[in-house]
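Single-letter residue listing:
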Amino acid sequence: MKINDLESAVNYLKSSVSYEDIVKYRYGEEVFDLKRFSAFLDEYCPEYKKLKAIHVTGSKGKGTTSNLIYSYLNRVGFKAGVFNSPYILNITESIGVGGKFISLKNFIKYVNELKKFREQFNESHNLSKVSYFELLTAIGFKYFVDCGVDYVVLEVGLGGRLDSTNVCRPVVTVLTRVEKEHTEILGKTYTKILNEKLGIVKEWNVKHKVPLVVAPQKKIVKENILSRRLNVPVFFVEKNFDKHDDNYSTALVALLNLINVDLWRFDDVYSGLKMVGRFDVRRFGSVEAVFDMAHTPQSAEMLVNKLNEKFGADAEFVFIFSMMKEKDAKGFFEKIKKIKLRKIIFTSSHETRSESIAVLNKIFRKTFGAYAKNIEIELIDDVENAFEKALMYKKWDRYLVVTGSHFLISKILRKV
């Protein structure tokens, strides 16, 4: 039966297992079999091997870094594509070419073509084990090939070594800031996490060794990388290049490994870059709200710095907060001690993966200690009710922050 609308298209893709929606699953080659996925692509879109990829992994900053590279390439006349994850409002945000997301019409067309392709084969092809994210990656690759892109920027979904994007043939690989996140999947040490992240490093392509660009890292992470025999040129980015942030510097060095860069144009792209859910400032009546996907201690620190820079050190804030079970809530709360928090509302943004609001409340009170008595705390399971309650809060001026999970931001922004 033909698919005619976006909801049906997404439901079809998610009829294959969606690990994003599962609390616990086995992480390893037996589940994330890239040989199987490569064989699938060899029949569905064999031309994918010709795509010139800039492959980006890391814990924080990979979305911004990817889109900076993508936006600059398009600005200076290349036809570039981008594969983003996760999306916030609409699955079509996952795939872009030439500065525009794939159209709804085209996305549904590609899903129908994929569905027809899969129906042509029997179970001997093991297609039943191809996951939702692998199918989305396949659509992205096919779209990039059909559009004839010069370059494609691929943002890793999780880890790197076993991520579906890792079947690409990169011309540059990029490692953004590494933190201890997804530890229940990737491992609890930096060594284990880097084993996964650095799995995207390729020793060679057809013409030369593929350089690795490494964003500014903690000392322990940098030393770990230096101790490895990666057998590729490695470029360590210096912190605060020309007083800009790490994403700016990392994207710039990655581009310099490909092309000559006009710094004036790059600055212009950087200053004009807007992404849904990345320090995304919106107004609701008299309330100015910031939506930010920060969900690690490092990203919380970056969020605090941006809040102080935009609103001033004396500004007071109300937070709506949700976080997944495996995240470091205590580390996040330690960082937001540096701002004047008037109220925090804990809510639940995912049916199975969200940490309970009671647990978040307990961690928050323990982290803030006696100071927690000066902060109004409310527990509201329903996200929409939490947002409405925050907008009606009378004891503050105008600054609302929605953070802790992309699921939280997605649920609210889809409704407003």
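In what follows, the accompanying structure is described.

The rules behind these values
- Residues numbered from 1 in each chain as written.
- Predicted model: local features only at pLDDT ≥ 70, side-chain atom pairs only at ≥ 80, totals over all residues.
- Heavy atoms only, no water.
- Phe/Tyr/Trp six-rings, centres within 6.5 Å; stacked < 30°, edge-to-face > 60°.
- Helix = DSSP H or I, 4+ residues; strand = E, 2+ residues; numbered from the N terminus.
- Buried < 20%, exposed > 50% of the residue type's maximum accessible area, 1.4 Å probe, protein only.
- Salt bridge = Lys/Arg side-chain N within 4 Å of Asp/Glu carboxyl O.
- Axes fitted to C-alpha atoms, helices over the stretch in contact; angles between N-to-C directions.
- Left-handed = near helix turned anticlockwise from the far one by under 90°.
- Contact = heavy atoms within 4.5 Å.
- Nonpolar A, V, L, I, M, F, W, Y, C, P; charged D, E, K, R; others polar.

## Some words on the packing of aromatic side chains
Counted according to the given criterion, the structure contains 26 aromatic pairs. An angle of 75 degrees between the planes, with centres 5.4 Å apart, marks the rings of Phe78 and Tyr151 as edge-to-face. Taken together, the residues Phe78 in the loop between helix H3 (62–75) and strand S2 (80–83) and Tyr151 in strand S5 (residues 151–155) connect sequence positions 73 residues apart. For Phe78, a relative accessible area of 28% corresponds to the partly exposed category.

## Quick notes on the pattern of salt bridges
Under the criterion given, the structure shown has 21 salt bridges. The residue Lys338 makes a salt bridge to Glu301 at a minimum N-O spacing of 3.7 Å. Of this pair, Lys338 sits in the loop between helix H12 (329–335) and strand S12 (340–346) while Glu301 is found in helix H11 (residues 297–311), placing the two residues 37 residues apart along the sequence. Judged by its relative accessible area of 25%, Glu301 is partly exposed. A single salt-bridge network, built from bridges that share partners, covers Lys343, Glu376, Glu378 and Lys389.

## Focus: the packing of helix H2 (residues 34–44) against helix H5 (residues 132–147)
It is the contact of H2 with H5, at a shortest axis distance of 11 Å, that shows an interaxial angle of 35 degrees. The way H2 lies across H5 gives a crossing that is right-handed. Across the interface between the two elements, Arg36, Phe37, Phe40, Leu41 and Tyr44 of H2 pack against Glu134, Leu135, Thr137, Ala138, Ile139, Phe141 and Lys142 of H5. The residue makeup of the contact of H2 with H5, split by class, is eight nonpolar, one polar and three charged.

As far as function goes, none of this settles anything; it's purely spatial.
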